[in-house]
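Take a look at the letters that make up each chain.
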Amino acid sequence: MAELSQFAITGITVGMVYALIALGFVLIWKSSGVANLALGQLVLVFSWFTYGMLVQVGFPVWVGIPLVILFALGVGWLVERLTLRPLIGQPILALITVTLGVAFFIEGLVSLVWPKSVAALPRLFPEEPIHIGAAVVSQEYLWAAVISVILFVLLTLFFKYHRMGIIMRAVADDQMAVQACGIPVAKVFSRSWMFACVLAAVGGILMSSIGGITFGLVGTGLRAFSVVILGGLDSFLGAIVAGPIIGLAENLGGGYLTPLTWPGVREIIPFVIIVIVMFIRPHGLFGERRIERI
Amino acid sequence: MSLPTGIRSYNYAQDMAVFRTRAHWVWLGVLLALLFTGPLYWGGELLSVANLIGITIIAATGLNILTGYCGQLSIGHAGFIAVGAYAAAIITKRFELPFLVGLIGAGGVAGLVGVVFGIPSLRVKGFYLAISTIAAQFIIIWVINHWTGITGGFNGMSVPPVQIGRLTLVTQASQFYLIMIIVITVVFLAKNLSRTRAGRAFVAIRDNDLAAQVMGISLFRYKLLAFFIGCFLAGIAGSLFAHWTGFLNAENFTMMDSILYVGIIIIGGLGTTIGPIFGVLVIRWLQWFIMKISPVIEALFPNLPAGFTAGIGPMVFGIAIILFLIFMPRGLAHRWSLLRASYRLWPF
């Protein structure tokens, strides 16, 4: 029983971080129809940048983390401005593959600047583990969950009440109509990229405070894809719900299936879920089923 | 048409011919002669690069049929190549069957795996399909790494050299001939495929799959056929790769390689036969060049970060993919046809 609640708690908390990263994806997809396949690499580069700020330069946390957020905003702006903006109106294939180019570039950049393949962030959260019922959970997990929830709430409020948030939802709904109202749509694209990068940065920091910085962080970004596929590409709610589900499936499956199958079954579960969802319900749990016309 | 003035077709055979004028035949002859006498004056290193280029051309041609002609983006091509490579290795090593059986078997197995992962393409497209092929990539590599009894798992697997009859192809030069013969066959077949009923169906599906379906093209049949052919060629390439390197490890088939293949056909030009060849030539030579030049640069500038050699390659390719998409979305193949047109019209 202790084992079960242990797996469940870690699963749900990690899943919330996945959901956070996935929200960034959904944001870009909804506002500009671009699939950001560089998500994993973005998570990786922001984690390494955090390492650079906190360990290599030696800034205290309260200086380092805001710098990382600024850096994320800058990266988001640059990526949108340099690669996506010139391709507005191009076929979807070009829009997807250009983010692959970005992914390739970032991966090269990371191995150029930080050739170490593994590193650890300094402790951001208190060390002693917390007992919840019979389960023992280290504090990183809980903090990750708390920060994710805070960001969910902030984002929800932003989309509901802030002018930019309302504009973003409007753009997602009907780009042409919004443009006709005199709202600069390109600016919305660039804002959504900046937001998504900040979410990826926060997700990266949380994940790397849990498991250290490795190339596995690219896999974290890829797990966010299984979250968006399961939740539905164009649904914020879907991402928030599907994130913990993926985390839970991953941890429970990893915990209980490993003796039955090959070891390391944990890392493949999100991808198996992708394939299953594709076969059964390709638009996901909450996604909009689109009817196409010629 | 892209023919010089004054060349007319008087029957359908002439109209259909790939090599139409005497100049075409002369160029073809010169090219083939250069290619097949190559091993006489190329060194071993050049030959091994040429072999890798040949193998990559086969794989890229497969991806080009799938993505360039049929419009189904696959980011799992390296995974399908891995399937072929391991299938060939298992067939020739564990079952001790001849090379040709391994070659065709590798293609068949990879094709079938491709069809399985291509089934979602019947209901989804674009990004969804990209994600499901990424899933394919990871699942395949995971299975290879963990099915230790068959594939050797993380330790990898040694592969015997190609054996045809009593001939054992050990040297780079002998493999060069084998690979080039297969490359020429594949490119020739791919060129013709694009002009058959299936090829035209692929293009129709790429341009608008709903419209294609309304016109009576069976999406089920042709999308899966595209997946089968694309992954069949990936399997063939994988088989040759396995025998060429002699040792297989899943590290050779990462997702980055899959992305590299997509980059190759974009740089070369989607939906053209010549495109993948250009793309592969550019990428592989660039890789080779970077491998050669980066130690020199490191020696010249000792303050460079330690990861310079490892990092500069992916950075250059990433930038190349982005720049080609923005400035030359039709790839080098288009540039090549412009060049040919201006050559024909010279001096005007």
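So, here is what we can say about the structure in this document. (Residues numbered from 1 in each chain as written. Chains lettered and ligands numbered in written order. Predicted model: local features only at pLDDT ≥ 70, side-chain atom pairs only at ≥ 80, totals over all residues. Heavy atoms only, no water.)

1. What to know about the overall build of chain A
Across its full length, chain A holds 11 helices and two strands. Secondary structure of chain A in N-to-C order comes out as α-α-α-α-β-β-α-α-α-α-α-α-α. In terms of C-alpha radius of gyration, chain A reaches 19 Å, essentially the compact-globule figure of 19 Å for 294 residues. With respect to the three principal axes, the spread of C-alpha positions in chain A is 60 × 50 × 35 Å. The burial tally for chain A puts 54% of its 294 residues in the buried class. (Helix = DSSP H or I, 4+ residues; strand = E, 2+ residues; numbered from the N terminus. Rg over C-alpha atoms; globule rule 2.2 N^0.38 Å. Buried < 20%, exposed > 50% of the residue type's maximum accessible area, 1.4 Å probe, protein only.)

2. Focus: the interface of chain A and chain B
Interfaces are often sized by the amount of accessible area the parts lose when they come together. Contact with chain A, which involves 48 residues of that partner, is made by 50 residues of chain B. Roughly 4300 Å² of surface becomes buried between chain A and chain B when both sides are summed, with 85% attributable to carbon and sulfur atoms. Our enumeration of links across chain A and chain B arrives at zero salt bridges. Counting across the interface, chain A meets chain B through two residue pairs in polar contact (both at pLDDT 80 or more). Broken down by secondary-structure element, the contributors of at least two residues to the side of chain A that touches chain B are α1 (2–32), α3 (61–84), α4 (92–113), α9 (216–231) and α11 (269–280) of chain A. Tallying contributions element by element places α4 of chain A first for the side of chain A that touches chain B, with 16 residues. Taken together, the residues of the side of chain A that touches chain B sort by class into 36 nonpolar, eight polar and four charged. (Contact = heavy atoms within 4.5 Å. Buried area = accessible area lost by both parts, 1.4 Å probe. Salt bridge = Lys/Arg side-chain N within 4 Å of Asp/Glu carboxyl O. Polar contact = N/O pair within 3.5 Å; in protein donor to acceptor, adjacent residues only side chain to side chain. Nonpolar A, V, L, I, M, F, W, Y, C, P; charged D, E, K, R; others polar.)

3. Describing unusual backbone geometry
In terms of backbone geometry, most residues other than glycine have negative phi values and most peptide bonds are trans. All names here are of chain B. One non-glycine residue, Glu96, lies in the positive phi region at around 55 degrees. Within the secondary structure, Glu96 is located in the loop between α4 (77–94) and α5 (99–118). The exposed category is assigned to Glu96, whose relative accessible area is 65%.

4. Let's talk about the nonpolar core
Formed by 196 residues in total, the largest nonpolar core has its most connected members in Phe127, Leu240 and Phe253 of chain B. When near neighbours in sequence (up to four residues on either side) are disregarded, Phe127 of chain B contacts Phe25, Trp29, Ala35, Leu37, Ile96, Phe225, Ile229 and Leu233 of chain A. Formed by five residues, the second largest nonpolar core is a distinct cluster that contains Ile290, Phe308, Ile312 and Met315 of chain B. (Core = buried A, V, L, I, M, F, W, Y, C linked by side-chain atoms within 4.5 Å.)

5. Observations regarding the packing of aromatic side chains
Scanning the model with the defined rule gives 27 aromatic pairs over all chains in all. Plain terms: the ring middles of Phe36 of chain B and Tyr177 of chain B are 5.8 Å apart, the flat faces sit at 15 degrees to each other, and that makes the pair stacked. Highlighted residues: Phe36 of chain B in helix α2 (residues 22–41) and Tyr177 of chain B in helix α8 (residues 172–193), separated in sequence by 141 residues. Residue Phe36 of chain B is classed as partly exposed on the basis of its relative accessible area, which comes to 26%. Summarising the aromatic geometry, the rings of Phe241 of chain B and Phe253 of chain B are spaced 5.7 Å apart at their centres and angled 70 degrees between planes, so their arrangement reads as edge-to-face. Remark: Phe253 of chain B occurs in the loop between β4 (247–248) and α12 (255–268) and Phe241 of chain B occurs in helix α11 (residues 219–245); sequence separation between them is 12 residues. Residues Phe241 of chain B and Phe253 of chain B agree in their burial class; the two are buried. Three or more aromatic residues link up through ring pairs in this structure, and these residues are Phe25, Trp29 and Phe225 of chain A together with Phe127 and Tyr128 of chain B. (Phe/Tyr/Trp six-rings, centres within 6.5 Å; stacked < 30°, edge-to-face > 60°.)

6. Some remarks on empty space enclosed by the protein
Residue and element names in this part refer to chain A. Tallied over the full model, the rule gives one cavity of 30 Å³ or more. Within this model, the largest cavity holds a volume of roughly 40 Å³. What lines the largest cavity is simply Leu27, Lys30, Ser31, Phe159, Met168, Arg169, Ala172 and Phe236. Elements with a contribution of two residues or more to the lining of the largest cavity: α1 and α6 (163–173). Its residues placed into classes, the lining of the largest cavity shows five nonpolar, one polar and two charged. (1 Å grid on protein atoms, 1.4 Å probe; cavity = no way out; pocket = protein on both sides within 12 Å on 5 of 7 lines; lining within 4 Å. Points joined across faces, edges and corners; volume = space filled by probe spheres on them.)

7. Re the side chain of Ser47 of chain A
Turning to its location among the elements, Ser47 of chain A is positioned in helix α2 (residues 39–57). Reaching out from Ser47 of chain A, the side chain makes a polar contact with the backbone oxygen of Gly204 of chain A at a distance of 3.4 Å.

8. Describing the pattern of salt bridges
Should their charged atoms come close, side chains of opposite charge can pair. Under the defined criterion, the tally for this structure stands at six salt bridges over all chains. A salt bridge links Arg266 of chain A to Glu250 of chain A, with the nearest nitrogen and oxygen atoms 3.7 Å apart. With Arg266 of chain A in the loop between α10 (236–257) and α11 and Glu250 of chain A in helix α10, this pair connects stretches of sequence that are 16 residues apart. Residue Arg266 of chain A is classed as partly exposed on the basis of its relative accessible area of 35%. Overall, the relative accessible area of 0% leaves Glu250 of chain A in the buried class. Where Asp209 of chain B meets Lys223 of chain B, a salt bridge forms, and the shortest distance between an N and an O atom there is 3.7 Å. With a gap of 14 residues between them, Asp209 of chain B in helix α10 (residues 209–214) and Lys223 of chain B in helix α11 connect regions that are remote in the sequence. Judged by its relative accessible area of 12%, Asp209 of chain B is buried. Residue classification places Lys223 of chain B among the buried residues on the basis of a relative accessible area of 2%.

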